[in-house]
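Close look at the chain arrangement
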Amino acid sequence: MKEEITMGDLEEEIVNEPPASIGRRGFLIRLNRVLGFLLAAPLIYPIVRYLTHGGYPGFDNAWISLGQVDQFKEYDKPELIKFVRVKEDAYTIQQLPKSHWVVRFSKERLTEIYKNGAVEFRDDKGKVFWKNSPDVDLVVFSGKCTHLGCSYRWKEGKGLFFCPCHLGIYKITGEVVDGPPPRRLDQLPVRIKDGRLEVVDAEYKAGKKVQVRLV
Ligand code: FES
């Protein structure tokens, strides 16, 4: 027998529909979407970053401490500072052993280093983000020879930097004296903050007459 449905029944059904059950369903659907997004984010992020940055992370201009300024007491006596640089990308954490030469220069040598004025450093857009000036008497040279990137040494008796790979020789101020290095030693951005010597750990292409920054 056919059951008759009246408007009153329908209204009652509509009124009796528990709103809480729709709310719960909606909540669960949204929760599901959020969880799905959170799970997918680590996979999507590198792809989006690659597409928006063209796979190029840009220069790393973070300041790194090389120690207390007071520890570099002696003038015109280079000191090799070794440290480990931790680099993280989307998937890996790398520990890179690094070394740079720090020299506290006497006034006379500082004048020689800055004879052409302040040394400018540019970001990946070509904008100057830092200038080294003789206000700071500490200079940091990248620990890599500008010829092919070997580590070079300080020869105390001769007062010169010496690269054993192809016999490159540099003055204490970084100029090439002899051998194949195409340019002077690479100076790094330096500043003194809270009594500590800080540098930007920039890297330049080896074998070029003109500095080409890589990192
Ligand atoms: S790498 Fe230093 S002279 Fe060749």
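In this report, the structure presented in the accompanying data block is examined. (Residues numbered from 1 in each chain as written. Predicted model: local features only at pLDDT ≥ 70, side-chain atom pairs only at ≥ 80, totals over all residues. Heavy atoms only, no water.)

1. Structural notes on the packing of aromatic side chains
Our working rule: The rule is short: rings of Phe, Tyr and Trp, with Trp giving its six-membered ring, pair when the centres are within 6.5 Å, and they are stacked under 30 degrees, edge-to-face over 60, tilted in between. Secondary structure elements are defined from DSSP: runs of H or I of at least 4 residues count as helices, runs of E of at least 2 residues count as strands, and each element is numbered from the N terminus. Note on exposure labels: buried denotes an accessible area under 20% of the residue type's maximum, exposed denotes more than 50%, and partly exposed covers the range between, all computed with a 1.4 Å probe on protein chains only.
In this structure the tally under the stated criterion is eight aromatic pairs. A ring pair is formed by Tyr152 and Tyr170, whose centres lie 5.8 Å apart and whose planes are at 50°; its orientation type is tilted. Here Tyr152 is found in the loop between strand S6 (138-142) and strand S7 (153-155), whereas its partner Tyr170 is found in strand S9 (residues 168-170), with 18 residues between them in sequence. Classification of Tyr152 as buried rests on a relative accessible area of 3%. Feature note: the residues Trp101, Phe105, Phe141, Tyr152, Trp154, Phe161 and Tyr170 constitute an aromatic cluster, connected by ring pairs.

2. Observations concerning unusual backbone geometry
One non-glycine residue, Asp76, adopts positive backbone phi at about 55°. Secondary-structure assignment places Asp76 in the loop between strand S1 (63-68) and strand S2 (79-88). You will see that Asp194, though not glycine, has its phi angle at about 50°, which is positive. Position of Asp194 relative to the elements: it lies in the loop between strand S11 (190-193) and strand S12 (196-200).

3. Considering the sheet that holds S11
Worth spelling out the cut-off: Note on pairing: DSSP must find at least two bridges between two strands before they are called paired. In this analysis an axis means a line fitted to C-alpha atoms, helices contributing only their contacting stretch, and an angle means the value between N-to-C directions, from 0 to 180 degrees.
Read from one edge to the other, the open sheet built from three strands follows the order S1-S12-S11, with strand pairing classed as antiparallel. On the outer flanks of this sheet lie S1 and S11, each paired with one strand and no other. Adjacent strand axes in the sheet meet at a mean angle of 35° when their direction is disregarded. As paired elements, S11 and S12 share four bridges and run antiparallel to each other. Its bridge partner lying in S12, Ile192 is registered against Leu197.

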